[in-house]
Amino acid sequence: MKIKWLGHAAFIIKLSNNIKIVTDPYKTGNGINYLPINETADIVTLSHSHSDHNNYAAVKGSPVILGEKGRQIVKNIEINAIQVYHDRTLGSQRGSVLIFCFKVEGLIVCHAGDLGHTLNPRELEEIGPVDILMLPVGGYYTIDAESADVVARSIKPRVILPMHYKTEKTDYPITGLQLFLKGRQNVRQLDSSEIEISLATLPLITETIVLKSAN
């Protein structure tokens, strides 16, 4: 499969059978200065209803829109949406969000949305094993670098794809990537927005892969 980072929390996952999944498509403006989403997909997942995560109307191709918790099979893909929170106070400040886990091509790919807290044993059990984790690291609206490290160590994925951090294309009061990368081992920074990965090419120990935004 190929995974491309579009920017912010938006990725497109392209499977070998040409099925495409877009996660958390953003709306340009109000602090988001990435280029507009211009993708065609079969499935769109929305972790919550904020405009920088739920612009499903921008995605072409009449995709299936997913934004509710629970397990289901869509386009022959097992998808599990786990409800967590956008803050550290059980949603009292910003409400709930969804973590989406996809079983695709023998791998579990997990998009953590705007996760705002570390995970308890019940939540970790619901998520289960993860191979590839798309993880917010910028803080303020989500977990910060320190909490993201705790989450990563709890989930133990083989690949971490950082997201939702400060770049030259975001005006949000969030931090950049360096706080999360500081002291981390096995970091690979690519001059590309896309990686190709399979069960056979998974790293043996956790690797953090930094992608350039496509937009």
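In this text the structure is predicted, and so the values were computed from the model without any measurement.

*Asks:* It is not clear to me how empty space enclosed by the protein should be interpreted in this structure. Could you clarify?
*Replies:* Where empty space is left in the structure can be found by rolling a water-sized probe over the atoms. Using the criterion set out here, one finds 1 cavity of 30 Å³ or more in the structure. Surrounding the largest cavity, Trp5, Phe11, Leu161, Pro162, Ile209, Val210 and Leu211 form its lining. Every element with two or more residues in the lining of the largest cavity is listed here: strand S11 (159-163) and strand S14 (207-210). Tallied by class, residues from the lining of the largest cavity come to 7 nonpolar, no polar and no charged.

*Asks:* I keep staring at the pattern of salt bridges and nothing clicks. Help me out?
*Replies:* Two side chains carrying opposite charge are able to pair once their charged atoms lie near each other. Evaluation of the coordinates by the stated rule reveals 7 salt bridges. With its nearest N and O atoms 3.9 Å apart, the salt bridge here joins Arg122 to Glu123. Taking the relative accessible area as the measure of exposure, Glu123 reaches 3% and is therefore buried. Two residues, Arg188 and Glu207, come together in a salt bridge whose shortest N-O distance is 2.9 Å. Linking Arg188 in strand S12 (residues 187-189) with Glu207 in strand S14, this pair joins segments that are 19 residues apart in sequence. One salt-bridge network, in which partners are shared between bridges, spans Arg122, Glu123 and Glu126.

*Asks:* Would you mind showing me how to read the nonpolar core here?
*Replies:* Nonpolar side chains in soluble globular proteins generally cluster together in the buried interior. Within the largest apolar cluster, 71 residues are counted, with the highest numbers of intra-cluster contacts made by Ile3, Leu135 and Leu161. Counting residues per element, this core draws most heavily on strand S8 (residues 96-104), which supplies 7 residues. With near-sequence residues (within four places) excluded, Leu161 lies in contact with Ile3, Phe11, Ile132, Leu133, Met134, Leu135, Ile195, Ile209 and Leu211.

Definitions and cut-offs
Residues numbered from 1 in each chain as written. Predicted model: local features only at pLDDT ≥ 70, side-chain atom pairs only at ≥ 80, totals over all residues. Heavy atoms only, no water. 1 Å grid on protein atoms, 1.4 Å probe; cavity = no way out; pocket = protein on both sides within 12 Å on 5 of 7 lines; lining within 4 Å. Points joined across faces, edges and corners; volume = space filled by probe spheres on them. Helix = DSSP H or I, 4+ residues; strand = E, 2+ residues; numbered from the N terminus. Nonpolar A, V, L, I, M, F, W, Y, C, P; charged D, E, K, R; others polar. Salt bridge = Lys/Arg side-chain N within 4 Å of Asp/Glu carboxyl O. Buried < 20%, exposed > 50% of the residue type's maximum accessible area, 1.4 Å probe, protein only. Core = buried A, V, L, I, M, F, W, Y, C linked by side-chain atoms within 4.5 Å. Contact = heavy atoms within 4.5 Å.

Keep in mind these values describe shape, not function.
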